[in-house]
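# Coordinate inspection notes
Below are the chains, spelled out letter by letter.
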Amino acid sequence: GAVVSQHPSRVICKSGTSVKIECRSLDFQATTMFWYRQFPKQSLMLMATSNEGSKATYEQGVEKDKFLINHASLTLSTLTVTSAHPEDSSFYICSAVKTGYNTIYFGEGSWLTVV
Amino acid sequence: DAKTTQPPSMDCAEGRAANLPCNHSTISGNEYVYWYRQIHSQGPQYIIHGLKNNETNEMASLIITEDRKSSTLILPHATLRDTAVYYCIVSALSNFGNEKLTFGTGTRLTIIP
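A brief structural summary. All residue numbers refer to position in the chain's written sequence, counted from 1. Here chains are named by letter from A upward and ligands by number from 1 upward, in the order in which they appear as written. pLDDT decides what is reported in this predicted model: residues at 70 or higher carry local features, side-chain atom pairs at 80 or more are listed and counted, and totals for whole chains, interfaces and linings draw on all residues regardless. The side-chain quantities take in all heavy atoms of the structure and omit both hydrogens and water.

## Quick look at the state of the cysteines
Any two cysteine sulfur atoms within 2.5 Å of one another count as a disulfide. Enumeration over the complete set of coordinates arrives at two disulfides over all chains. Through a disulfide, B:Cys22 is tied to B:Cys88; the S-S separation comes to 2.1 Å. Because the sign of the S-S torsion sets the handedness, a value of about -80° for the bond joining B:Cys22 and B:Cys88 places this disulfide among the left-handed ones. Separated by 66 residues along the polypeptide, B:Cys22 in strand 2 (residues 18–23) and B:Cys88 in strand 8 (residues 84–91) bring together distant segments of the chain. Each residue's exposure class comes from its accessible area (1.4 Å probe, protein chains only) as a fraction of the maximum for that residue type: buried when under 20%, exposed when over 50%, partly exposed otherwise. You can call B:Cys88 buried: its relative accessible area is 1%. In this model A:Cys13 remains outside any disulfide bridge; the closest cysteine sulfur is found in A:Cys94, 18 Å from its own. Overall, A:Cys13 belongs to the buried group, its relative accessible area being 8%. The thiol sulfur of B:Cys12 is not disulfide-bonded, and the nearest other cysteine sulfur, from B:Cys22, lies at 18 Å. Note on conventions: DSSP H or I runs of at least 4 residues are helices, E runs of at least 2 residues are strands, and numbering of each starts at the N terminus.

Given below as structure tokens:
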């Protein structure tokens, strides 16, 4: 199978600070990665599509200056939540497209709590 | 917007086959049907996907109707660990990953001991 790893799995940060979440495809290359956010008892909401070497494409209503996405290599994408607020507290999940297999694999998710 | 319709919840007795339906009446010719499941507080787990033929792997079977407007995921011998939210998604994922997976509300499957 294909493995996608996220780090950290849980993070607590203070309001106004920034926090970075990493997403790595461990055993395959991923030209495209996706970032989702999930609030309790809700479905996953797509935030942005991250393509290696180019700017991310954000979904409507997602602030690109607040949620910075960098996809500098074929195995790593990062999501930085800038100037975090308590309402940014959520479960953030990344996924990566296994090229040539028409399949997306998901990371374990990262719980962010802003206090 | 999600392009699929699933029942919000289902129960299944342990050891029995769990049959999860999904309607995707507006599916396009190049769109695959994907199934994922999410156990509480974890990332979604890939189960199976198909285009038009029925598919089977070590986890489940996927039955797609001939007109491709609906499908059924079958877990042949459900265990308590299969309790999860199951998502049916249609997408025209290509080798270039230009498409994306949009999640609906899924079916909350509860396996009853």
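After presenting the structure, the write-up continues.
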